[in-house]
2 protein chains.
Amino acid sequence: MSADGERWVLLNASPDIGAQLRASPALWPRHGLRDSPIEAVVLMDSQIDHVAGLLSLREGSRLQLYCTPESHEDLTGSLPLLKALESYSGVRWHPMPLEPGGGAWHEVAGLRLQAVPVPGKAPPYSPRRQAEARSDNAAVMIEDSASGRRLFYAPGLARVGEAERRCLDGCDTVLVDGTFWSEDEMVVAGLGKKHAADMGHLPQCDGPHGPGMLRALDACAARRKVLIHINNSNPILDEDGPERAELVRRGIEVAFDGMELEI
Amino acid sequence: MSADGERWVLLNASPDIGAQLRASPALWPRHGLRDSPIEAVVLMDSQIDHVAGLLSLREGSRLQLYCTPESHEDLTGSLPLLKALESYSGVRWHPMPLEPGGGAWHEVAGLRLQAVPVPGKAPPYSPRRQAEARSDNAAVMIEDSASGRRLFYAPGLARVGEAERRCLDGCDTVLVDGTFWSEDEMVVAGLGKKHAADMGHLPQCDGPHGPGMLRALDACAARRKVLIHINNSNPILDEDGPERAELVRRGIEVAFDGMELEI
C-alpha cells in the first residue's frame, strides 16, 4: 500500500514475494539495482505464509519491520528469521504492542497504522499455539493521512465481536479473513482433520460456533467489502459457483492476485 | 529430476519453489489435492536461496530430505526451518556425510546420488561462515540407474582442483556454478564489497586466484556443459553480449527457468 505511489508498505511477506515484486512495476528499483521503494513491512502475525518472504528481502537496505512483540518473539525464537537476516540487510523492529481497542498510531510513509488485537491462533510452530490466553494476532487499521479514509485489514479473524464490529464499521474498505466457506470444509474435502475454528478462522457461513463472516459483513457499513486469504478448498474461488453468486448478491468481493484498491 | 517421469527429486528448494511447482505440470498432484510426485529434496548447502522453499513444502506428506550433517546443523540451529516443519508435515533426514572423493551412494526414486565435497562457503548466517576448515558444501553426482549416465550438479564451486576435475570428467552432463563472470563483478557494478572468492564462487574468467571456470570446462570431456546459479550482475545473461558469444564459441550453455535436460 502507498499514500503517494512512491513509497510502499507491505502487509505481510508471503513466500511468493519474489513473484509479487516482479509482477508489480511500482515495487521495482528506481535508483540503482539494489534500490527498493519498499519502506516497511507490517506483519499481522508470524504464520509461515506471512513471514517466509522476509528471507527474500535481505539484499536491500535495512528492513523496517512493524509487528507485535509476540510475533517478534516467534521470529527471534522458534523461527528466528530476523536473527538470520542480521547477517544480510538487517532488520529494525518497530514494536506494535496490542491494546484492546487498538494501540498507538504509527506514521509510515504518509500512512497512519494502528494494530488492533483480533481473535486468532498462533502458528503451529509457535510455543504460543496452545496458549489460549488473550489474542496476540493483529489486524491493522490504515488511515490515509491526506483524506482521512480508513481501511481495515484482517487476514486472520476467528470471531467478530463488539470490538471487531466497531473496526469494520469505522472503515471505508474492509479486507477480511476469507479462508473458509464452512467450518468443516477441510474435513469434508479430505484435506485434513482441522475445522476452521481450530485454525483461527471464521468461515463465511454460519456454523456450530455462531454466525459466519457473511452476517458480519452484511451488518457492516463499509463501501467495499473484500474477502482475502482464501484457502484453495474454498468454493468461492469458483467464479461460476453458487457460493460466488451469493457473495455478489451481498456486495462482497473476492480478492485476486494483482488486485488494486483505492480507498 | 526424475528417472521415470513419475517420481521427482528436487535439488535445493528455492524461495520461488511455489512458482516453479505451478509452472511444472510434472510436479502437480495426481491422486488428490495434497498429493505430490516429489519424492525427496536434496540440499547442496544451507544457503537461504537453496533452503527457504522448504517452508513451502509443509502441506504434503513427510518430507524426505538429503543433506550434509553441516547443513542439517544450520537448519536445526541458526535457521531451524526443519524444527518448524515438525509442526506441519515433518521431515525425515537422510544424512549425506561428505567424504573426499565422494561419499556413499543413495538410491532415490530410481536414481543414484552421491554427495561430493566441493570448495565453498557456509552461508553468512551460519556460525561455520568464518571457519575456513575443510569444505562442507556438497555437489552431487547423479546416476541414472538404467543407463548408467551421470550428471554433476554443483551450484556453488569455489575452485576446480584435482577431485573436481575428476567429477567433471566422469559425467555426460555438468551443471556448474555460473554465479559471476569476473572476480570483482559486484564491486565494479557498485552492488557490494565482496569478490567472488569471498562468497565461495569461481568466476568464469581467469582472475587473481588463478584460472576461471571457462578453462575448467574447456578441459572437460562432458557432452553438455551448463552454467547454473547465475547472479543478476553476470553479463552472460545478455544474450546478445560478447560474453555470451564467447560461451557459445566454447560450447557452454546458460541455464534458464524451465530448462529441461535429458542425460
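Rules and cut-offs
- Residues numbered from 1 in each chain as written.
- Chains lettered and ligands numbered in written order.
- Predicted model: local features only at pLDDT ≥ 70, side-chain atom pairs only at ≥ 80, totals over all residues.
- Heavy atoms only, no water.
- Domains from an automatic or database assignment.
- Phe/Tyr/Trp six-rings, centres within 6.5 Å; stacked < 30°, edge-to-face > 60°.
- Lys NZ or Arg CZ within 6 Å of the ring centre and 35° of its normal.
- Least-squares fit on C-alpha atoms with pLDDT ≥ 70 in both.
- Contact = heavy atoms within 4.5 Å.
- Pairing = 2+ DSSP bridges.
- Helix = DSSP H or I, 4+ residues; strand = E, 2+ residues; numbered from the N terminus.
- Axes fitted to C-alpha atoms, helices over the stretch in contact; angles between N-to-C directions.
- Buried < 20%, exposed > 50% of the residue type's maximum accessible area, 1.4 Å probe, protein only.
- Polar contact = N/O pair within 3.5 Å; in protein donor to acceptor, adjacent residues only side chain to side chain.
- Core = buried A, V, L, I, M, F, W, Y, C linked by side-chain atoms within 4.5 Å.
- Lys, Arg positive; Asp, Glu negative; His and termini not counted.
- Salt bridge = Lys/Arg side-chain N within 4 Å of Asp/Glu carboxyl O.

Draft legend 1. Layout of the domain arrangement of chain A. Here chain A is described as being made up of domain 1 (1-104) and domain 2 (149-263). Distance from the C-alpha centre of domain 1 of chain A to the C-alpha centre of domain 2 of chain A: 24 Å.

Draft legend 2. Here's a closer look at the packing of aromatic side chains. Overall, the coordinates contain 0 aromatic pairs over all chains when judged by the stated rule. A cation over an aromatic ring shows up here: A:Arg58 above the ring of A:Tyr88, its NZ or CZ 5.4 Å from the ring centre.

Draft legend 3. Structural context of the relation of the copies chain B and chain A. With an RMSD of 0.0 Å, chain B superimposes on chain A once it is rotated by 180 degrees and translated 0.0 Å along the axis. Read as a symmetry element, the transformation amounts to a two-fold axis. The position closest to the rotation axis in chain B is occupied by the C-alpha of B:Asp16, lying 3.0 Å away. The share of interface residues of chain B whose copies in chain A are also at the interface is 100%, consistent with both copies meeting through the same surface.

Draft legend 4. Expanded view of the sheet that holds strand β2 (residues 38-42) of chain A. All names here are of chain A. Pairing in this open sheet of 4 strands is parallel, and the strands run β1-β2-β3-β4 from one edge to the other. Only two strands of the sheet have a single partner each, and these edge strands are β1 (8-11) and β4 (91-95). Put simply, the sheet's adjacent strands are angled 25 degrees from each other on average, direction ignored. Direction of pairing for β1 relative to β2: parallel, over a ladder of 4 bridges. By the bridge assignment, Val9 is partnered in β2 with Ala40.

Draft legend 5. Structural detail: the pairing of strand β7 (residues 137-144) of chain A. Residue and element names in this part refer to chain A. Counting buried positions along β7 gives 8 out of 8 residues, so the element sits mostly inside the fold. Burial of the side chains of β7 extends over both faces: Asn137, Ala139, Met141 and Glu143 are buried on one face and Ala138, Val140, Ile142 and Asp144 on the other. Relative to β7, strand β6 (residues 111-118) runs antiparallel, the two sharing 8 bridges. What sits directly across from Val116, in β7, is Ala139. Bridge analysis of β7 against strand β8 (residues 150-154) gives 4 bridges, and the strand direction is antiparallel.

Draft legend 6. Examining the side chain of A:Asn12 more closely. Residue and element names in this part refer to chain A. Following the sequence through the fold, Asn12 ends up in the loop between β1 and α1 (17-22). Since its relative accessible area comes to 8%, Asn12 is described here as buried. A distance of 3.5 Å separates a polar atom in the side chain of Asn12 from a polar atom in the side chain of His50. Here Asn12 is in contact with Val41, Val42, Leu43, Met44, Asp45, His50, Tyr153 and Pro155, once residues within four sequence places are set aside.

Draft legend 7. Local environment of the sheet that holds strand β9 (residues 173-177) of chain A. All names here are of chain A. One open sheet accounts for 7 strands, arranged β5-β6-β7-β8-β9-β10-β11; its pairing is mixed. Two strands in the sheet have a free side with no partner beyond their single neighbour: β5 (105-108) and β11 (252-254). Taking each pair of neighbouring strands and ignoring which way they run, the sheet shows an average axis angle of 25 degrees.

Draft legend 8. Quick peek at the nonpolar core. Counting residues in hydrophobic clusters, the biggest one holds 50 residues, and the most contacted among them are A:Val41, A:Leu54, B:Val41 and B:Leu54. Not counting residues within four places of it along the chain, the set of residues in contact with A:Leu54 comprises A:Ala13, A:Val41, A:Leu43, A:Leu63, A:Leu65, A:Leu75, A:Leu82 and A:Leu85.

Draft legend 9. Geometry of the side chain of B:Arg244. Residue and element names in this part refer to chain B. Position of Arg244 relative to the elements: it lies in helix α8 (residues 242-250). Despite its burial, Arg244 remains without a salt bridge, the nearest opposite charge being carried by Glu239 at 4.6 Å. Within polar-contact distance, the side chain of Arg244 engages the backbone oxygen of Ile236 at 2.8 Å. In contact with Arg244, not counting residues within four places along its chain, are Ile236, Leu237, Asp238, Glu239 and Val254.

Draft legend 10. Structural view of the interface of chain B and chain A. Between chain B and chain A, the contact holds 25 residues from the first and 25 residues from the second. Where chain B touches chain A, the interface holds 2 salt bridges. The salt bridge partner of B:Arg58 is A:Asp49, with a shortest N-O separation of 3.2 Å. In this structure, the connection of chain B to chain A is made through 4 residue pairs in polar contact (both at pLDDT 80 or more). Listing elements by their share of the side of chain B that touches chain A, those giving two or more residues are α2 (48-51) and α4 (81-85) of chain B.

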